[in-house]
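Here is how the chains run, residue by residue.
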Amino acid sequence: STALAEAARLLRPGGTLLVADFSAHDYEAFRDRFAHRRLGFSPEDMETYLRANGFDLQQTRRIQSPDETDVPDVIVWQARRLDTQRSAA
């Protein structure tokens, strides 16, 4: 969530953010092999994190891994930074 807060700070209202990460998985070997702290994100969790940091989810795309590999799918989330400074006029 720290990374999303920083992205929100840097992007202007209406700016686009792309987040790419593995989908939620149970490949524990990734923790040691690639120093992963989390084993991916579910679409629902990422949407919650994006909204909490001032983004509106625009699109989600899942990129499936080849069947013959032991690699989880990748998900790309496209979000738009909301204008959180709007005056109530």
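What this report covers is the structure whose coordinates are included nearby. (Residues numbered from 1 in each chain as written. Predicted model: local features only at pLDDT ≥ 70, side-chain atom pairs only at ≥ 80, totals over all residues. Heavy atoms only, no water.)

### Points about the overall build of the chain
Then, in step 1: Check the secondary structure of the chain and you find three helices and three strands.
Then, in step 2: Scanning the chain from its N terminus toward the C terminus, one meets helices and strands in the order α-β-α-α-β-β.
Then, in step 3: At 15 Å, the chain has a C-alpha radius of gyration far larger than the 12 Å of a compact globule built from 89 residues.
Then, in step 4: For the chain, the spread of C-alpha atoms along the three principal axes comes to 55 × 25 × 20 Å.
Then, in step 5: For the chain, the proportion of contacts with a sequence separation of at least 24, taken over those separated by at least 6, is 56%. (Helix = DSSP H or I, 4+ residues; strand = E, 2+ residues; numbered from the N terminus. Rg over C-alpha atoms; globule rule 2.2 N^0.38 Å. Contact = heavy atoms within 4.5 Å.)

### Details of the packing of aromatic side chains
How two aromatic rings sit relative to each other is given by the distance of their centres and the angle of their planes.
Then, in step 1: Here the structure, examined in full by the defined rule, presents three aromatic pairs.
Then, in step 2: Ring geometry for Phe22 and Phe30: centres 5.5 Å apart, planes at 70°, overall edge-to-face. The same class applies to Phe22 as to Phe30, namely buried.
Then, in step 3: Among the aromatic residues, ring-to-ring pairing joins Phe22, Tyr27 and Phe30 into one connected group. (Phe/Tyr/Trp six-rings, centres within 6.5 Å; stacked < 30°, edge-to-face > 60°. Buried < 20%, exposed > 50% of the residue type's maximum accessible area, 1.4 Å probe, protein only.)

### Observations regarding the pattern of salt bridges
Then, in step 1: Under the defined criterion, the tally for this structure stands at six salt bridges.
Then, in step 2: We note a salt bridge from Glu28 to Arg31, for which the minimum N-O separation is 2.8 Å.
Then, in step 3: Each member of the salt-bridge network shares a partner with another, and the members are Glu47, Arg51, Asp56 and Arg80. (Salt bridge = Lys/Arg side-chain N within 4 Å of Asp/Glu carboxyl O.)

### A look at the sheet that holds strand E1 (residues 16-22)
The strands making up a sheet are joined through hydrogen bonds of the backbone, oriented either antiparallel or parallel.
Then, in step 1: Read from one edge to the other, the open sheet built from three strands follows the order E1-E3-E2, with strand pairing classed as antiparallel. Two strands lie at the open edges of the sheet, namely E1 and strand E2 (55-63), each paired on one side alone. Put simply, the sheet's adjacent strands are angled 20° from each other on average, direction ignored.
Then, in step 2: Strand direction decides the pairing type here: E2 and strand E3 (residues 74-81), joined by eight bridges, are antiparallel. Bridge pairing in E3 links Gln59 to Gln78.
Then, in step 3: In the packing of helix H3 (residues 43-52) onto the sheet, the strands contacted are E1, E2 and E3, and the crossing angle to E2 comes to about 155°. (Pairing = 2+ DSSP bridges. Axes fitted to C-alpha atoms, helices over the stretch in contact; angles between N-to-C directions.)

### Things to note about the environment of Leu4
Then, in step 1: Along the polypeptide, Leu4 turns up in helix H1 (residues 2-10).
Then, in step 2: Remark: the alpha-carbon pair of Leu4 and Ala52, spanning 48 residues in sequence, is separated by 9.1 Å.
Then, in step 3: Discounting chain neighbours no more than four positions away, the residues touching Leu4 are Leu17, Val19, Met46, Tyr49, Leu50, Asn53 and Phe55.

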